[in-house]
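# Geometric and topological summary
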Amino acid sequence: MPGSTQLRSRRSLLTPRAPDQPAAVRPPWARIDTFDMICTGCSACIEICPEHILVGDGRGQPEVDFARGECTFCGSCAEICPVPAFDRHAVRPWSLGAQLQRGCLATAGIVCEACRDSCPTGAIRFHPTLGRVAAPEIDLERCTGCGACVAPCPATAIAVEA
């Protein structure tokens, strides 16, 4: 549809994101600098996602909802996209990593290692400390940003961010 990119970018100017609301996590390999202007909101990527973690944002564009599960980096979203909104030749699918938020049970002295148990790359480790509950440490070099640790966290104290 001619001009739909221009209309979409104008619409985004009229509906700004709240300052305290984090930016939407776009699918892996999304061209972050141009994705919001190029994506037509066709929902093909949302429909094909085998993990069902892609949802439409308020403008119909896909964003990742890690509360639904993890990204396996299958690439289906990038392959089905009819416009050049993705770059499958990028070295990394995205520059995201798990970040510990306030409310972590382990940092509050309650034994919990759910995030470590769900991390497929072993990026989350707990170092025992004499007389205290082991606190989590995230190795961002090993973290792929897949989000496997988000849903299992009983305190919703992990976010995947840039």
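Heads up: the structure comes first, above all this text.
Described in the following lines is the structure provided in the data block. Remember, predicted model here, so these are calculated numbers, not experimental data.

### Quick look at the overall build of the protein
- Counting its secondary structure elements, the protein contains five helices and six strands.
- Start at the N end of the protein and walk to the C end: the helices and strands fall as α-α-α-β-β-α-β-α-β-β-β.
- Expressed as a percentage of contacts within the protein between residues at least 6 apart in sequence, the contacts between residues at least 24 apart total 63%.
- Looking at the protein as shown, the accessible area adds up to about 9600 Å², and 55% of this sits on carbon and sulfur atoms.

### Looking at the side chain of glutamine 61
- With respect to the element layout, glutamine 61 can be found in the loop between strand E1 (54-56) and strand E2 (62-64).
- You can call glutamine 61 buried: its relative accessible area is 0%.
- Within the structure, glutamine 61 has its side chain in polar contact with the backbone oxygen of aspartate 36 (distance 2.9 Å).
- A distance of 3.4 Å separates the side chain of glutamine 61 from the backbone oxygen of cysteine 39, its partner in a polar contact.

### Re the pairing of strand E5 (residues 132-138)
- By the bridge criterion, five bridges tie strand E4 (residues 124-129) to E5 in an arrangement that is antiparallel. Bridge assignment links histidine 127 to a residue of E5, and that residue is alanine 135.
- The turn joining E4 and E5, which pair antiparallel and follow one another in sequence, is formed by two residues; a positive phi near 80° is taken by glycine 131.

### Quick notes on the pattern of salt bridges
- What the rule picks out here adds up to nine salt bridges.
- Note that arginine 116 is salt-bridged to glutamate 113, the shortest N-O span being 2.6 Å.
- Residue classification places arginine 116 among the partly exposed residues on the basis of a relative accessible area of 34%.
- Notably, a salt bridge pairs aspartate 117 with arginine 116, separated by 2.9 Å at the nearest N-O pair.
- Connected through shared salt-bridge partners, Arg26, Asp36, Asp57 and Arg59 make up one network.

### A word on the packing of aromatic side chains
- Inspection of every chain in the model, using the stated rule, returns four aromatic pairs.
- Considering the side-chain rings of tryptophan 29 and phenylalanine 73, the 6.3 Å spacing of their centres and the 85° angle between planes classify their relative orientation as edge-to-face. One end of the pair, tryptophan 29, is in the loop between helix H1 (4-14) and helix H2 (35-38); the other, phenylalanine 73, is in the loop between E2 and helix H4 (76-80), and 44 residues separate them in sequence.
- Between the aromatic rings of phenylalanine 35 and phenylalanine 86, the centroid separation amounts to 5.6 Å while the plane-to-plane angle is 80°, which identifies the pairing as edge-to-face. Of this pair, phenylalanine 35 sits in helix H2 while phenylalanine 86 sits in the loop between H4 and strand E3 (97-100), and the two are 51 residues apart along the sequence. For the pair phenylalanine 35 and phenylalanine 86, one class covers both residues: buried.
- These aromatic residues form a ring-pair network of at least three members: Trp29, Phe66, Phe73 and Trp94.
- Across from the ring centre of tryptophan 29, 4.3 Å away, lies the NZ or CZ of arginine 88, which sits over that ring.

What counts and how
- Residues numbered from 1 in each chain as written.
- Predicted model: local features only at pLDDT ≥ 70, side-chain atom pairs only at ≥ 80, totals over all residues.
- Heavy atoms only, no water.
- Helix = DSSP H or I, 4+ residues; strand = E, 2+ residues; numbered from the N terminus.
- Contact = heavy atoms within 4.5 Å.
- Areas by Shrake-Rupley, 256 points an atom, 1.4 Å probe, with all protein chains shown as cover.
- Buried < 20%, exposed > 50% of the residue type's maximum accessible area, 1.4 Å probe, protein only.
- Polar contact = N/O pair within 3.5 Å; in protein donor to acceptor, adjacent residues only side chain to side chain.
- Pairing = 2+ DSSP bridges.
- Salt bridge = Lys/Arg side-chain N within 4 Å of Asp/Glu carboxyl O.
- Phe/Tyr/Trp six-rings, centres within 6.5 Å; stacked < 30°, edge-to-face > 60°.
- Lys NZ or Arg CZ within 6 Å of the ring centre and 35° of its normal.

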